[in-house]
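Report on the structure
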Amino acid sequence: MELPFAESWKIKMVEPIRKSTREEREQWMKEAYYNVFQLRSDQVYIDLITDSGTGAMSDRQWAAMMMGDESYAGASSFFNLKETITRLTGFEFIIPTHQGRAAENVLFSYLVHEGDIIPGNSHFDTTKGHIEGRKAIALDCTIDEAKNTQLEIPFKGNVDCTKLEKALEDFGDRIPFIIVTITNNTAGGQPVSMQNLREVRVLAQKYNKPVLFDSARFAENAYFIKIREEGYADKSIKEITHEMFSLADGMTMSAKKDGIVNMGGFIATRLQDWYDGAKGYCVQYEGYLTYGGMNGRDMNALAVGLDENTEFDMLHTRIHQVEYLAQKLDEYGIPYQRPAGGHAIFVDASKILTHVPKEEFPAQTLTVELFLEAGIRGCEIGYILADRDPATRENRFGGLDLLRLAIPRRVYTDNHMNVVAVALKNVFDRRENITRGMHIAWEAPLMRHFTVKLERL
Ligand code: F0G
């Protein structure tokens, strides 16, 4: 008999978590104005608000922290990190930053100017923010298939090269670079194929534009290429990683995801020009060049984390868990963005709470219902997050309305996933009785989802 699957690690340290009663949760949710960002973490039983900075470090990472070099300039920890990044990506120039958005801020301060257009596949919120904040345009060239949650294709995060080429033709001079997000978070943690990265590269060369990868979940992307793309089954994750980055000129990285650290990020590039341009902004916004926004100990832990998480077994364990949750949802007939993504399941609220009008925010309503059901905290990636149109001030109802269940790395067991699935099933089973949603009582002009105050209708 074939041995069953099991995790590629064992647990050395644990953190107790606590269940609550429905009455407690009703009270807490009300006090939090039906906004899960306003909950205290000790009010949460299973926390799936994000996979960012919430992973569990390994014993080797903790050991590396003890060897951190906190020298202001030229710390050995910086060179450990730089050597690891260069070995994995081929990029020679490294700038550490305190997280992913800081890497964007430093690099875009040099690269993005008013009136520019930056085409890519579903820019992440902060990426878009750093572009729009500079009065430039983030042009989404994701494939249309990504919008159909029930369509099952292997690389649903891909760039639509026809849209990209049209952008390059129409706005050539205004495009400083092309950005590709691997994996594509906004489209559901969906991967981008090597073939697609190659096609983007060909276009970039044709129009003489550099390519930047937003690489927060590059290792998960490499895993999907190995599993799903022809010709990669026998290549190691590290070989695939190297090949992916050979098709880019640089990367911004939120190390809080695939670096498995709680805080950190970096810019890496092969372009002297980008490095020289970004350097000054690093010193201005983050810190001196050999620590940027990071402690020496954290750079050490990140170097180990990057190495560990580009090994097949680690990624297999991780993606297996996401797929395990997806299988449970399949059993119960709960619709989500198919196939399961790398870091999360994106539940399609508009297909579940069909009686809740979009003006009453179905995905937010589902997020609240799941918390009330079992103390599970997901996160709305839908109409509230989409904010209002800057010109018309109307709510943006054009995109998908999803509940994201993001799974931290090496933190929860499959038993926790069973609880999540059954809790969601219980809400799903009474979906016909949920006919009213939420009303916005107060909102900030931008990034409203963090602080929005809601009332239950
Ligand atoms: N790029 C992507 C694709 C991301 O998913 C994130 C963060 C960032 C950049 C910014 O990185 O948080 O380190 O500043 N995503 C988190 C999430 C917040 O929950 O998906 P950061």
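Residues numbered from 1 in each chain as written. Predicted model: local features only at pLDDT ≥ 70, side-chain atom pairs only at ≥ 80, totals over all residues. Heavy atoms only, no water.

Topic: the overall build of the chain
Assigned secondary structure in the chain consists of 14 helices and 14 strands. Compactness check: the chain gives a C-alpha radius of gyration of 22 Å against a globular reference of 23 Å for 457 residues, within 12% of the reference. C-alpha extents for the chain along the principal axes are approximately 60 × 55 × 45 Å. With 457 residues in all, the chain has 58% of them scored as buried. Taking all contacts inside the chain whose residues are at least 6 apart in sequence as the whole, residues at least 24 apart take part in 73%. A total of about 19,200 Å² of accessible surface is found on the chain, and carbon and sulfur atoms cover 52% of it. (Helix = DSSP H or I, 4+ residues; strand = E, 2+ residues; numbered from the N terminus. Rg over C-alpha atoms; globule rule 2.2 N^0.38 Å. Buried < 20%, exposed > 50% of the residue type's maximum accessible area, 1.4 Å probe, protein only. Contact = heavy atoms within 4.5 Å. Areas by Shrake-Rupley, 256 points an atom, 1.4 Å probe, with all protein chains shown as cover.)

Thoughts on helix α13 (residues 362-374)
If you check α13, its first and last C-alpha atoms are 19 Å apart, about what 13 residues at 1.5 Å a residue would give, namely 18 Å. In terms of burial, α13 is a largely internal element, 12 of the 13 residues being buried. Looking one or two residues past α13, Gly 375 carries a phi angle of roughly 75°, positive in sign. (Expected span 1.5 Å × (residues − 1).)

A word on the side chain of Asp 414
Within the element layout of this structure, Asp 414 appears in helix α14 (residues 414-429). Buried charge Asp 414 goes without a salt bridge, the closest partner of opposite sign being Lys 328 at 9.3 Å. The residues contacting Asp 414, other than those within four sequence positions of it, are Glu 7, Gln 321 and Tyr 324. (Lys, Arg positive; Asp, Glu negative; His and termini not counted. Salt bridge = Lys/Arg side-chain N within 4 Å of Asp/Glu carboxyl O.)

Focus on the packing of helix α3 (residues 76-89) against helix α11 (residues 296-308)
The N-to-C vectors of α3 and α11 enclose an angle of 25°; their axes lie 8 Å apart at closest approach. The angle between α3 and α11 places the two elements in the roughly parallel class. Here α3 runs over α11; the crossing is left-handed. Only Gly 296, Met 299, Asn 300, Leu 302, Ala 303, Leu 306 and Asp 307 of α11 make contact with α3, whose side of the interface consists of Ser 77, Phe 78, Asn 80, Leu 81, Thr 84, Ile 85, Arg 87 and Leu 88. Residues that form the contact of α3 with α11 fall into these classes: eight nonpolar, five polar and two charged. (Axes fitted to C-alpha atoms, helices over the stretch in contact; angles between N-to-C directions. Parallel < 35°, antiparallel > 145°, perpendicular 65-115°, else oblique. Left-handed = near helix turned anticlockwise from the far one by under 90°. Nonpolar A, V, L, I, M, F, W, Y, C, P; charged D, E, K, R; others polar.)

Thoughts on the nonpolar core
With 55 residues, the main nonpolar core has Val 180, Ile 182, Leu 197, Phe 213, Met 244 and Leu 306 as its most contacted residues. Among the elements that take part in this core, helix α8 (residues 218-228) stands out by supplying six residues, more than any other. Aside from chain neighbours lying at most four places away, what touches Leu 306 is Leu 81, Thr 84, Ile 85, Leu 88, Phe 218, Met 253, Asp 258, Gly 259 and Phe 266. (Core = buried A, V, L, I, M, F, W, Y, C linked by side-chain atoms within 4.5 Å.)

Describing the environment of Gly 375
The residue Gly 375 is located in the loop between α13 and β10 (376-377) in this model. Residue Gly 375 is classed as buried on the basis of its relative accessible area of 0%. The spacing of Gly 375 and Thr 252 is 123 residues in sequence and 34 Å in space, taken between C-alpha atoms. Other than its neighbours up to four places away in sequence, Gly 375 contacts Arg 25, Val 44, Tyr 45, Ile 46 and Leu 370.

Brief notes about the sheet that holds strand β12 (residues 402-406)
By definition, the strands of a sheet pair up through backbone hydrogen bonds, in either a parallel or an antiparallel sense. Taken in spatial order, the three strands of this open sheet run β9-β12-β11, and their pairing is antiparallel. For this open sheet the edge positions go to β9 (344-348) and β11 (379-381), each flanked by a neighbour on one side alone. Strand-to-strand twist of the sheet, defined as the mean angle between neighbouring strand axes without regard to direction, takes the value 35°. Packed on one face of the sheet, helix α12 (residues 312-332) meets β9 and β12 and runs near 25° to β9. Sheet contacts for α13: β9, β11 and β12; angle to β12, the most-contacted strand, approximately 45°. (Pairing = 2+ DSSP bridges.)

With respect to a nonpolar patch on the surface
Side chains of Tyr 72, Val 283 and Tyr 288 sit close together on the surface and give an oily, nonpolar patch of about 310 Å² of accessible area. Along the chain, Val 283 falls in helix α10 (residues 272-285). The class of Val 283 is partly exposed, set by a relative accessible area of 46%. (Patch = residues over 30% accessible without salt bridge, like charges linked within 9 Å, V, L, I, M, F, W, Y side chains within 5 Å.)

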